[in-house]
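Summary of structural features
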Amino acid sequence: MTHRGSPSRTLHVAALARVEGEGAMHVEVRNGHVTDVQLQIYEPPRFFEAFLRGRAFTEPPDITARVCGICPVAYQMSACAAIEDACGVSIDPAVSQLRRLLYCGEWIESHALHVYLLHAPDFLGFDGAVELARTNRSIVERGLQLKKVGNQIMEAIGGRAIHPVNVRVGGFYRVPSPEELSPLAERLRWALDAGLATLRWVAGFNFPDFDIDHELLAVSQAGTYPIDAGGRLSSSGGLDFDVKDFERHVVEEQVAHSNALHARLVGRGSYMVGPLARYCLNFSRLSPLAREAAIDAGLGAVCRNPFRSIVVRSVELVYACEEALRLIESYEPPARPFAVVAPRAAVGYGCTEAPRGALYHRYDLAADGTILAARIVPPTSQNQAAIEHDLSRFVDARLDLPTPELTSACEQAIRNYDPCISCATHFLDLHLDRQ
Amino acid sequence: MSCVDVLPHKVVVIGVGNPYRGDDGVGPEAARRVRAAAPGWVEVMEHDGEPAGLLDAWDAADLAIVVDAVRSSGVDPGHVHRVEITESRYPASTPTVSSHGIDPGDVVELARALGRLPRRLVLYGIEGANFAPGLGLSTEVGASVNGLVTRVLNEVAADVP
């Protein structure tokens, strides 16, 4: 057992569990202080941006959906937004509402998975979801049923739950009838109650005192909580910029220890996207029910403790269920399932809120619609520098813990961020090196 | 005849894997070939291994056969393991290949904890050689698929009451 008294050690986790994708973490301690934290991402780089070059402008929704099995809708929606921006086409609000409904399905599915199966076991002293299920069977069943409701929305609108096939530039290949969606309303009424029960459950967990001081960045969507669209982004530090200026404000850099790029805000440094950022910047845009439930769960209008992200995710789960129910109850099929989109030589920009945070796409199109260049900035690579910074502080304050406990605490801390390593190629294994 | 007697016998074959990761695609490839040859009442599906989806896929099945790529040390590529899940844990000696948040063995144990195992669950694990990004099976794994499909079809036929 090694304590702060023997001041140098290495924490190493060679394959992080309960995260999406493959990666490791390495922590070096010298003279009783953390000197280096590296998230080592060893999934191979995925080259999506390169192989989009030369493809048709109609293809990115299907191609980029393959980046991730958990958040394909996010890739499809950011791709569509960027290409439609390049081509100067406006989308029927009824189509936009259907996109938001599809996106709510993905939020419900992704948040239920993370809250119940990946994150909650950490707070209850279990090794994983299996142990949780052995002692809390009905709770895990509730989580799985919630996830299933999300999948059912994705199947009804997207054609299937994984990598939906019904999304196209301009809208959808086919839109559902109200009769096809109405059975989902009953399921969503149950899911809304289950979401509120989820929030009450996680609100009772014990959370370490630990606040982050990063600048928070999220999409702004006029008049509503940001999910599916938005031409602007705003930050907790007062930034407010058009999506076309994203690359003026965000730069990505190679780091030697990772296949993912590190992003930072120009002149400001590391920042964070995701549920905490969305919540802090858009609390007033939540529904009254979600706001009230958040307050009852002990959250204020701002939450900067990443351990409480499970509570914030549960608030968003409630909101997504309520929003999906509202969209279904007011649904009228669009006059046409899609807008005809004619290509033109232009650059287009799109940014939507994936479950893990802002996802940016840019496409440079030739006059015939051929993609000349593509740029994709996923949420986890935006958060990677901030995660390393937070872990350094977190470990430094807990060096008196024996190595196994400290390693376990670090893994839990990483899961706070729900990193999607596959998206970032882009993640995790923990390594604490003390000398 | 009671209504219990007319309940259909449910058999499901699930090919798990990612065809874009080399030999990890053997499960879906085997499922496609089983679908072409099996009686129409056998449900056959290709699956990415997502936990909740697997529990639903084998829900209330009398026999569920899961075909997946595996990687263990010291075993030749193309070798087919057969494991019937009973009271024992998912065997650690047949680690599957997954980039999902939950290990496939944990899915079996999750189902057991939730009382959602099928009546019989049989796993066929095919020893893979190459899991790098890209389409296509290695020569050794490709050569083992027909024999594997025959074993699955025989297992289905033998289970009919």
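Keep in mind the model is a prediction, meaning the values are calculated, not measured. Position labels on residues start from 1 in each chain and follow its written sequence. Key to labels: chains lettered from A, ligands numbered from 1, both in the order written. Per-residue local features of the predicted model are confined to residues with pLDDT of at least 70, and side-chain atom pairs are confined, for both listing and counting, to 80 or more; whole-chain, interface and lining totals are unaffected and use all residues. Excluded from the side-chain calculations are hydrogens and water; all other atoms, namely the structure's heavy atoms, are used.

1. Overview of the overall build of chain A
Numbering of helices and strands runs from the N terminus, with a helix taken as a DSSP run of H or I at least four residues long and a strand as a DSSP run of E at least two residues long. Tallying secondary structure elements over chain A gives 14 helices and 15 strands in all. Counting across all 435 residues of chain A, residues that qualify as buried make up 62%. With a 1.4 Å probe rolled over the protein chains alone, any residue whose accessible area is under 20% of its type maximum counts as buried; one over 50% counts as exposed, and the rest are partly exposed.

2. Some words on the pairing of strand 13 (residues 357-365) of chain A
Residue and element names in this part refer to chain A. Of all 9 residues in strand 13, 9 are buried; the element is thus mostly enclosed. Criterion used throughout: strands pair if DSSP finds at least two bridges between them. Relative to strand 13, strand 12 (residues 346-354) runs antiparallel, the two being bridged by 9 bridges. Within the sheet, the bridge partner assigned to threonine 352 lies in strand 13 and is leucine 359. Linking strand 12 back to strand 13 in an antiparallel pair, the connection comprises 2 residues. Bridge analysis of strand 13 against strand 14 (residues 371-377) gives 6 bridges, and the strand direction is antiparallel. Counted as the bridge partner of aspartate 364 is alanine 373 from strand 14. Counting the residues that bridge the hairpin from strand 13 to strand 14 gives 5 residues, and of these glycine 369 lies at a positive phi of roughly 90°.

3. Considerations on empty space enclosed by the protein
To find the voids left in a structure, one rolls a probe of water-molecule size over its atoms. Residue and element names in this part refer to chain A. Lining residues are those with an atom within 4 Å of a point, where the points come from a 1 Å grid over the protein atoms alone and group into cavities, where a 1.4 Å probe fits but cannot get out, or pockets, open sets with protein on both sides within 12 Å along at least five of seven lines. Grid points are joined across faces, edges and corners, and a volume is the space filled by probe spheres set on the points. Space inside the largest cavity adds up to approximately 80 Å³. Along the walls of the largest cavity sit 13 residues, with Met272, Val273, Pro275, Leu276 and Tyr417 positioned nearest its centre. Listing elements by their share of the lining of the largest cavity, those giving two or more residues are helix 9 (275-282) and helix 11 (309-329). For the lining of the largest cavity, the leading source of residues is helix 9, giving 3 residues.

4. Thoughts on the sheet that holds strand 1 (residues 11-16) of chain B
Residue and element names in this part refer to chain B. Across the sheet, 5 strands lie side by side as 2-1-3-5-4; this open sheet has mixed pairing. The open sheet has two edge strands, strand 2 (43-47) and strand 4 (80-85), and neither has a second partner. When strand polarity is set aside, the average angle formed by the axes of neighbouring strands in this sheet is 20°. The pairing of strand 3 (residues 63-70) with strand 5 (residues 120-127) spans 8 bridges and is classified as parallel. Each bridged residue has a counterpart across the sheet, and for leucine 63 the counterpart in strand 5 is arginine 120. Every residue pair with non-hydrogen atoms within 4.5 Å of one another is taken to be in contact. The axes used here are C-alpha line fits, helices contributing only the stretch in contact, and every angle between their N-to-C directions lies in the interval 0 to 180 degrees. Packing of helix 5 (residues 139-159) onto the sheet brings it into contact with strand 1, strand 3, strand 4 and strand 5, and relative to strand 5 it is tilted by some 170°.

5. What about helix 4 (residues 93-124) of chain A?
Residues and elements named next belong to chain A. Multiplying 1.5 Å by the helix residue count minus one yields the expected span of that helix. Helix length check: helix 4 (32 residues) gives 44 Å between terminal C-alpha atoms against 46 Å at 1.5 Å per residue, within 8%. Values of bend correspond, residue by residue, to the angle between axes fitted over the seven residues ending at that residue and the seven starting there. Valine 115 marks the point of greatest bend in helix 4, at about 35°. With 27 of 32 residues buried, helix 4 is to be regarded as a mostly interior element. Here a polar contact means two N or O atoms within 3.5 Å. Within protein one must be a hydrogen donor candidate and the other an acceptor candidate, and residues neighboring in sequence count only if both atoms are side-chain atoms. The opening residue of helix 4, the one whose side-chain oxygen lies 2.8 Å from the backbone nitrogen of alanine 94, is aspartate 92. A positive phi of about 80° marks glycine 125, the residue just after helix 4.

6. A look at the packing of helix 9 of chain A against helix 11 of chain A
Residues and elements named next belong to chain A. Closest axis-to-axis distance for the helix 9/helix 11 pair is 9 Å, and the angle between their directions is 65°. In terms of orientation, helix 9 and helix 11 fall into the roughly perpendicular class. With respect to the hand of their crossing, helix 9 and helix 11 are arranged in left-handed fashion. Taken together, the residues of helix 11 that come into contact with helix 9 (itself represented by Pro275, Leu276, Arg278 and Tyr279) are Ser309, Val312, Arg313, Val315 and Glu316. By the definition adopted for this analysis, an angle is roughly parallel if under 35 degrees, roughly antiparallel if over 145, roughly perpendicular if from 65 to 115, and oblique otherwise. Should the near helix be turned counterclockwise from the far one by less than a right angle, the crossing is left-handed, whereas a clockwise turn marks it as right-handed.

7. Quick look at the packing of aromatic side chains
All names here are of chain A. Two rings from Phe, Tyr or Trp (for Trp, the six-membered ring) form a pair when their centres are within 6.5 Å of each other. A pair whose planes differ by under 30 degrees is stacked, one over 60 is edge-to-face, and the rest are tilted. A complete count under the given rule lists 12 aromatic pairs over all chains for this structure. Seen from their ring centres, tryptophan 107 and tyrosine 225 are 6.3 Å apart, and the 85° between their planes marks the pair as edge-to-face. Of this pair, tryptophan 107 sits in helix 4 while tyrosine 225 sits in the loop between strand 6 (215-220) and strand 7 (232-235), placing them 118 residues apart in sequence. Take tryptophan 107 and tyrosine 225: they sit in the same class, and that class is buried.

8. What about the confidence of the model for chain B?
Residue and element names in this part refer to chain B. The pLDDT score gives, residue by residue, the confidence of the prediction method on a 0 to 100 scale. Mean pLDDT over chain B works out to 84, with 84% of the residues at or above the 70 mark. When mean pLDDT is compared element by element in chain B, helix 2 (residues 26-37) scores highest at 96, while helix 1 (residues 3-6) scores lowest at 48. pLDDT under 50 marks residues 92-100. Its contacts with residues more than four places away, or in other chains, come to 26 contacts. The ipTM assigned to the predicted complex is 0.75, against a pTM of 0.87.

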